[in-house]
Amino acid sequence: MVKLGSTIDDFAGQEETGNLFGILFEDRDGDGIETISNPQIYKRVAKIKKIKIPSSVVSITPKCFDDLQDGKEINIPRGVEKEVAKQLTKVKWKKVKISSKNKKYKVKNGCLLSKSGKTLYGLVYKKKKLIVPKTVTKIDTSALSDTKMGYSELHGLAFSGCETLVISKNVKSIYLYFDFAAPIKVEVDPANKYYASKDGSLYSKKNGELICLHVIDGVYNIPDGVKVIPYRFNVSQGAKKVIIPASVKKVSDIARYICVKDAVFVCYGKEPPVLTEEWTNYSQKNLGVMNLTVYVPKGCKAAYESAWKVGGEYQDRIKLTFIEQ
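Residues numbered from 1 in each chain as written. Predicted model: local features only at pLDDT ≥ 70, side-chain atom pairs only at ≥ 80, totals over all residues. Heavy atoms only, no water.

Q: Before we go on, may I ask you to explain the overall build of the chain in this structure?
A: In terms of helices and strands, the chain carries three helices and 27 strands. Taking as baseline every contact in the chain between residues at least 6 positions apart, the subset at least 24 positions apart corresponds to 49%. Of the roughly 16,300 Å² of accessible surface on the chain, 50% is carried by carbon and sulfur atoms. (Helix = DSSP H or I, 4+ residues; strand = E, 2+ residues; numbered from the N terminus. Contact = heavy atoms within 4.5 Å. Areas by Shrake-Rupley, 256 points an atom, 1.4 Å probe, with all protein chains shown as cover.)

Quick look at the structure:
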């Protein structure tokens, strides 16, 4: 045996491909509710305590361990050098043993690291607080170099269950993905030249771009110091209120930041941030018309109405009410 996984998991990224055991969580009705393709097999797999991969295996498929339950033991042979970061960080294992002869990966203190210890891919064990090893200079949860698929699958589970992420001064590059707005709290050593944290959120010192927002009770409180809220900023935490400081100069289409029908924005900048994307309420397609209340500084209502005017096909689906405060 040299390859492990489903025979139809051919690295093309098919949505209907199951894992090693044929299990697939799928949205059959298109309503956002996922169900298990085979509940009986899923229950039987839950009883498995240890997965032993033969030493002859040199390849695992892209969805080999998708939707697998936490708490199992697994080993990675010396020859497996693809899909490891993407697959192992999706699950939180009881024990992970990587062959000492594997040239690409190692596990230390619950972290999946590159062999050199310079790149952190995520957690393979459950940890409430992770202090990033001082050897790490790069945090990368995209796993782009790790996959044979035609794209980098961002599963958002690399640090699932972790409440606090502590980043040292040695980290120079970060690509995090856990929905960007998440309960996780990030702390950065003040001596770090590239990144900063405030109130649990993480942003770049170089361009002021928001990387991860610490969310409390559905409030997106963007920290002062952030200059750019990027397009990829996700909405899955369900923002009810978004607070935008005066330091923010660019935002994407603000409608994509929220997951409720009637949301509130509080803007402190006298000059409205530039919208870098066209209006859309794609994420709200099942909610009908969105009614957004935007609080702005006194004397700035006209400027915001002009800069954030909704046009095109969305003018009947996104309604903005500007109130000076």
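Q: Explain the sheet that holds strand E24 (residues 262-267) to me, please; I cannot follow it from the model alone.
A: Strands in a sheet are paired, the pairing made by backbone hydrogen bonds, and the direction either parallel or antiparallel. Spatially, E20-E22-E24-E26-E27 is the arrangement adopted by the five strands of the open sheet, whose pairing is parallel. The two strands at the open ends of the sheet, each matched to only one other strand, are strand E20 (219-221) and strand E27 (318-324). In this sheet, neighbouring strand axes are inclined to one another by 15 degrees on average, regardless of whether the strands run parallel or antiparallel. Where strand E22 (residues 241-244) lies against E24, four bridges are found, and the strand directions are parallel. Bridge assignment links Ile244 to a residue of E24, and that residue is Cys267. (Pairing = 2+ DSSP bridges. Axes fitted to C-alpha atoms, helices over the stretch in contact; angles between N-to-C directions.)

Q: How should the pattern of salt bridges be read in this particular structure?
A: Where side chains of opposite charge bring their charged atoms close, a pairing between them can arise. One pass over the full model with this rule turns up three salt bridges. The closest approach of N and O atoms between Asp217 and Lys240, which form a salt bridge, is 3.7 Å. With Asp217 in the loop between strand E19 (210-214) and E20 and Lys240 in the loop between strand E21 (228-229) and E22, this residue pair connects regions lying 23 residues apart in the sequence. A relative accessible area of 62% places Asp217 in the exposed class. (Salt bridge = Lys/Arg side-chain N within 4 Å of Asp/Glu carboxyl O. Buried < 20%, exposed > 50% of the residue type's maximum accessible area, 1.4 Å probe, protein only.)

Q: In this structure, what is going on with the nonpolar core? I would like to understand it.
A: Within soluble globular proteins, side chains that are nonpolar generally end up buried alongside one another. One finds Val294, Trp308, Ile318 and Leu320 to be the most contacted residues of the largest nonpolar core, which totals 32 residues. For this core, the elements supplying multiple residues, two or more each, are E19, E22, E24, strand E26 (290-296) and E27. No other element matches the four residues that E26 contributes to this core. (Core = buried A, V, L, I, M, F, W, Y, C linked by side-chain atoms within 4.5 Å.)

Q: Looking at this structure, I do not really get unusual backbone geometry. What am I missing?
A: What is expected of a backbone is that most residues other than glycine have negative phi and most peptide bonds are trans. The backbone of Glu83 sits at a positive phi, close to 70 degrees, despite the residue not being glycine. Position of Glu83 among the secondary structure elements: in the loop between strand E6 (73-76) and helix H2 (84-88). In this structure Glu83 comes out as buried when scored by relative accessible area, which is 0%. At Asp217, a position not held by glycine, the phi torsion is positive, near 50 degrees.

Q: Can you help me understand the sheet that holds E6 in this one?
A: Strands sit in the order E4-E6-E7 across an open sheet of three strands; the sheet is parallel. The open sheet has two edge strands with one neighbour each: strand E4 (50-51) and strand E7 (95-98).

Q: Whenever I open this one, the packing of aromatic side chains confuses me. Can you help?
A: Each aromatic ring pair is summarised here by two numbers: the centre-to-centre distance and the angle between the ring planes. Summed over all chains, the structure comprises three aromatic pairs. With 5.3 Å between their ring centres and 80 degrees between their planes, Tyr304 and Trp308 make a pair best called edge-to-face. The buried category is assigned to Tyr304, whose relative accessible area is 0%. (Phe/Tyr/Trp six-rings, centres within 6.5 Å; stacked < 30°, edge-to-face > 60°.)

Q: Can you walk me through the environment of Val171 in this structure?
A: With respect to the element layout, Val171 can be found in the loop between strand E13 (164-167) and strand E14 (173-175). Given the relative accessible area of 0%, Val171 is considered buried. Linking Val171 and Ile139, residues 32 residues apart in sequence, is a C-alpha distance of 7.5 Å. With residues near it in sequence (within four places) discarded, Val171 still touches Val132, Val136, Thr137, Ile139, Asn192, Tyr194 and Tyr195.

Q: Sorry if this is basic, but what is going on with the pairing of strand E17 (residues 195-198) here?
A: When a strand is regular, its side chains alternate between the sheet's two faces. Of the pairings in the sheet, the one linking E17 to strand E18 (residues 201-204) comprises four bridges and is antiparallel in character. Looking across to E18, one finds that Ala196 is bridged to Tyr203.

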